[in-house]
Amino acid sequence: MNGIVSYGAYIPGYKIETGEIASVWGADGSAWAKNLNVYSKSVPGPDEDVITIAVEATRQAMKRAKLTGDDIEAIYTGSESHPYAVKPTSTIVAEAISATPNLTAADFEFACKAGTAAIQTCLGMVGYKQIKNGIAIGVDTSQGAPGDALEYSASAGGGALIIGREKVIANINHTTSYTTDTPDFWRREGQMYPRHGGRFTGKPAFFKHVQNCGMLIMEKAGTKPEDYDYIVTHQPNGKFPIRAAKSLGFTQEQFETGLLTPKIGNTYSGAIFLGLSAILDIAKPGDRILAIAYGSGAGSDGFDITVTDNIIDMDRTETVNNMISKMEIINYSTYAKFRGKLNMGTTK
Amino acid sequence: MSVPRFWRELDTRYNLIGSYCKLTKTYHYPRRTFDPDAGRESIGTMEDYQFKGTGEIINCTVVHQAQTGYEIFGPYCMAIIKLDEGPKLTSQIVDCEPNTIKPGMKVKAVFRKLGEDSESGILHYGTKFILREIPQVEDENENLSNIEL
Amino acid sequence: MRDVSIIGIGITKFGELWDKSLRQLGLETGLSAINDSGITSKDIDALYIGNMAAGSTLQQEHISALMADYCGLTNNHVPATRVEAASASGGLALRQAYMAIAGGFIDIAVVGGAEKMTDVSDSESSYTVSMGSDEQWESKAGATFASLHAIIAQSHINEYGTTREEMSAVSSKNHYHASMNPMAQFPFKVSSEAVSNSGIVSSPLRMLDCAPNSDGAAAVVLCASDRASNYTKKAIKIIGSGQASDTLSLHHRKYLNRMPAIGVAAQRAFKSCGKKPTDLDVIEIHDNFTISEIIALEEIGIFKRGEAGAKILEGETKIGGRIPVNTSGGLKARGHAPGATGIAQIVEIVQQLRGEAGERQVKNAKIGMAENHGGTAATAVVHILEAE
């Protein structure tokens, strides 16, 4: 069966705490942290962006699977913070893993589920036997406007999945999606920060799509929540994914491994990849995983996954939790400098 | 840097591609057409080689007056690194406290943004280095196990 | 091969010369040298110019034609050549002229060096200076020119125990010398403590370890020795000339704390005239950074490797000491206009050998050397002069 041949992740080495951000706006930091269930968020260094993170995550996946560039025939990167509006992230990733020129590539956008749409595309290319392996990457370095609620959670990070049909470490048994035109969160061309519909982003958006997609995929797979060892959903804050999982009938033991937002914030297109990586870091053969991504605009992609025996041989020493433990705290001024929020003027 | 001039050296920068001289069994970075020590005889015996990306700091400095494009780093560490295979190169050491970097420390390659032509110009990517072993520092904020669900 | 002599010298003040353009500087110093030499412009067979950065700081290339034009030499279509080797441009221009006369191709040449560094911002002139190193693999990687020398200094300190006081002594001594030089950019004393406490540029180099980026110009008139007395009674002979190259980037060198091109160029200069380091009475050294002066003196053989710092601290290179170095104030205190520096060094040595150095005069100076290099000594050119 076709599925995940390898996985890779990258979380930058800096973080800022909710309380630190709140103090700048005179807000109650511990109330915000509790409210969102987000205590700190990752911050990319000044020389990091979606492209560098995509490369690092992909290189980890390649190394784990002991593949070379010649083995890869498709690369798709999903993000809402690609450094270029025109010129794909995916070709730079391709060059950085020596996969050029015999491959297809494109960049995807669908808010936070851009990367999972890429997984489905890879499954198509692999399933149609046009390629042996394709890579789907979900990465973001999105920003929240200063003083806006999103500033507490918008963070940076991402992961890569190598999709193929040989030496698969996890079969993707089924995938299905639930998509509508719902304007809950958007960013116009040329604008630096996104805007959102406030409480409209909850029930009519996140929950409607995640819940419906969850029910649809379990129906397609003929499964019930008890059949799964893990569930991971998109996680824009630390509360929504818990409510969604519980509403679908899942327990804390099932969702806690993949829930990273309380420590690293919302990595947008990277979130589902990082959550899934955290699960794959410790998964055993036979473990069954339900993954439901969500992207504003809006849609959910669901995946029913079963881990295979091949995962035993994989080097899983550099885990997502290792990366989280290495993050160093920075203050708001360093954060503002790193994230380009300071008006540097035009001296050149 | 102009577009073609940057593009020409993409694999040199991204993937640390240099040369291996089969005649003298030596490594070179960046690529060379011939080994200067062997002269003309070595033309045709050079093949592309991808460095592993691991190495050691030979010497370093903390730069306070930044090079153009590096101002945002505050004081930063520049080092001359010897790759495991032999050749040396010059690179920034990132994600570290610059004053703690010392000769002899082991480093590994990471993929980072080197700069940009301008706000509307192309972005330059390449290889920088980080420490392989981070000096251990106690961080009391690490324990987030009492998160309320 | 014929002997070559210097029959005239000229130099401008070094510094931030806002009112002067590159053309003006070249013309002014050229006229100065010609007046000093006793020739007229009809006697000039060729013009040589050292300039590093006009393309970057002034967007002007073809400096040879520019200078020939503004110096009134194009009426007679005098051949003009611009030579570039970063900060060794001046010394290299002199060597080209010297070889042309020695080889019998021409009899009289005017050699000038001129540079405008202050028309652009500090960060732009600093970036221009780093073009003397490897732009692709050093500058673009984040290395400033100072940071490369900082690594050199770090390496010298690690291996030989060179100290902060020893490096500061170089700068302090050069300022002391410059306080007696009216053409210097910084003609005042600076204490060692001030050097040691100045702001950090790139550890361990501090602000006062580093030469400035200056405007300035200098020129000399060269003449075949057998007819020099037609023009002047003060001819000074170039008895030795040597040049050497090394890798452009510091990381391709075997040793990070040596500048072998300087040693080789000096060797070649000594060999060409049968002289040794102990024969020298006065030396101009390319002290773009204090560590460069320390290493250059070791390479030339004035001091043993690793010992120059201590000897400098003891005062051996001060006027009145065993071997005065940089009586002009050096690059640090006289100023450093990359294309002009190499010629400015020659002007100082000529003044010393003629006995015209005023308060800076080294007693009985008969043989002098000028050491000029570019980049992290990827080009080195050394000349030895003797009073006739």
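The structure we're discussing is the one just above.
Here the structure is a predicted model, which means the values were calculated and not measured.

A short note on the interface of chain C and chain B
Stage number 1. Tallying the contact residues gives 30 residues for chain C and 31 residues for chain B.
Stage number 2. Sorting the residues of chain C by area buried against chain B places W137(C), K140(C) and H251(C) first, and these three jointly supply 25% of that buried surface.
Stage number 3. For the salt bridge of R5(B) with E135(C), the shortest nitrogen-to-oxygen distance reads 2.9 Å.
Stage number 4. Put simply, chain C and chain B have 16 residue pairs in polar contact (both at pLDDT 80 or more) between them.
Stage number 5. Those elements that place two or more of their residues in the side of chain C that touches chain B are α5 (122-129), α6 (135-139), α7 (145-160) and β5 (200-202) of chain C.
Stage number 6. With six residues, α7(C) is the largest single contributor of residues to the side of chain C that touches chain B.
Stage number 7. Among the residues forming the side of chain C that touches chain B, the class breakdown is eleven nonpolar, 14 polar and five charged.

So, the sheet that holds strand β3 (residues 46-50) of chain B
Either a parallel or an antiparallel arrangement is found when strands of a sheet pair, and the pairing is made through backbone hydrogen bonds.
Residues and elements named next belong to chain B.
Stage number 1. Read from one edge to the other, the open sheet built from three strands follows the order β2-β1-β3, with strand pairing classed as antiparallel. Two strands lie at the open edges of the sheet, namely β2 (26-28) and β3, each paired on one side alone. The average undirected angle you get between the axes of adjacent strands in this sheet is 35 degrees.

Some thoughts on helix α3 (residues 50-65) of chain A
Residues and elements named next belong to chain A.
Stage number 1. Between its first and last C-alpha atoms α3 spans 23 Å; for 16 residues at 1.5 Å apiece the expected length is 22 Å, and the two agree.
Stage number 2. The N-cap of α3, judged by a side-chain oxygen 2.9 Å from the amide nitrogen of I51 a few residues on, is D49.
Stage number 3. A positive phi of about 55 degrees marks K66, the residue just after α3.

So, the state of the cysteines
Residues and elements named next belong to chain A.
Stage number 1. By the definition in use, this model includes zero disulfides over all chains.
Stage number 2. For C122, which is in no disulfide, the shortest distance to another cysteine sulfur is to C213 and amounts to 18 Å.
Stage number 3. Classification of C122 as buried rests on a relative accessible area of 0%.
Stage number 4. With no disulfide of its own, C213 lies 15 Å from the sulfur of C112, the closest cysteine sulfur.
Stage number 5. You can call C213 buried: its relative accessible area is 0%.

A few points about the sheet that holds strand β2 (residues 14-17) of chain A
All names here are of chain A.
Stage number 1. Pairing in this open sheet of three strands is mixed, and the strands run β3-β2-β14 from one edge to the other. Edge positions in the open sheet fall to β3 (40-43) and β14 (328-329), since each of these has one partner strand only.
Stage number 2. Pairing of β2 with β3 involves four bridges; the strand directions are antiparallel. From the neighbouring strand, I16 faces β3, where its bridge partner is K41.
Stage number 3. Here helix α1 (residues 18-25) sits on the sheet and contacts β2 and β3; the angle it forms with β2, its principal contact strand, is near 55 degrees.

Reading the values: rules and limits
- Residues numbered from 1 in each chain as written.
- Chains lettered and ligands numbered in written order.
- Predicted model: local features only at pLDDT ≥ 70, side-chain atom pairs only at ≥ 80, totals over all residues.
- Heavy atoms only, no water.
- Contact = heavy atoms within 4.5 Å.
- Buried area = accessible area lost by both parts, 1.4 Å probe.
- Salt bridge = Lys/Arg side-chain N within 4 Å of Asp/Glu carboxyl O.
- Polar contact = N/O pair within 3.5 Å; in protein donor to acceptor, adjacent residues only side chain to side chain.
- Helix = DSSP H or I, 4+ residues; strand = E, 2+ residues; numbered from the N terminus.
- Nonpolar A, V, L, I, M, F, W, Y, C, P; charged D, E, K, R; others polar.
- Pairing = 2+ DSSP bridges.
- Axes fitted to C-alpha atoms, helices over the stretch in contact; angles between N-to-C directions.
- Expected span 1.5 Å × (residues − 1).
- Disulfide = S-S within 2.5 Å.
- Buried < 20%, exposed > 50% of the residue type's maximum accessible area, 1.4 Å probe, protein only.

The analysis is restricted to geometry; functional conclusions fall outside its scope.
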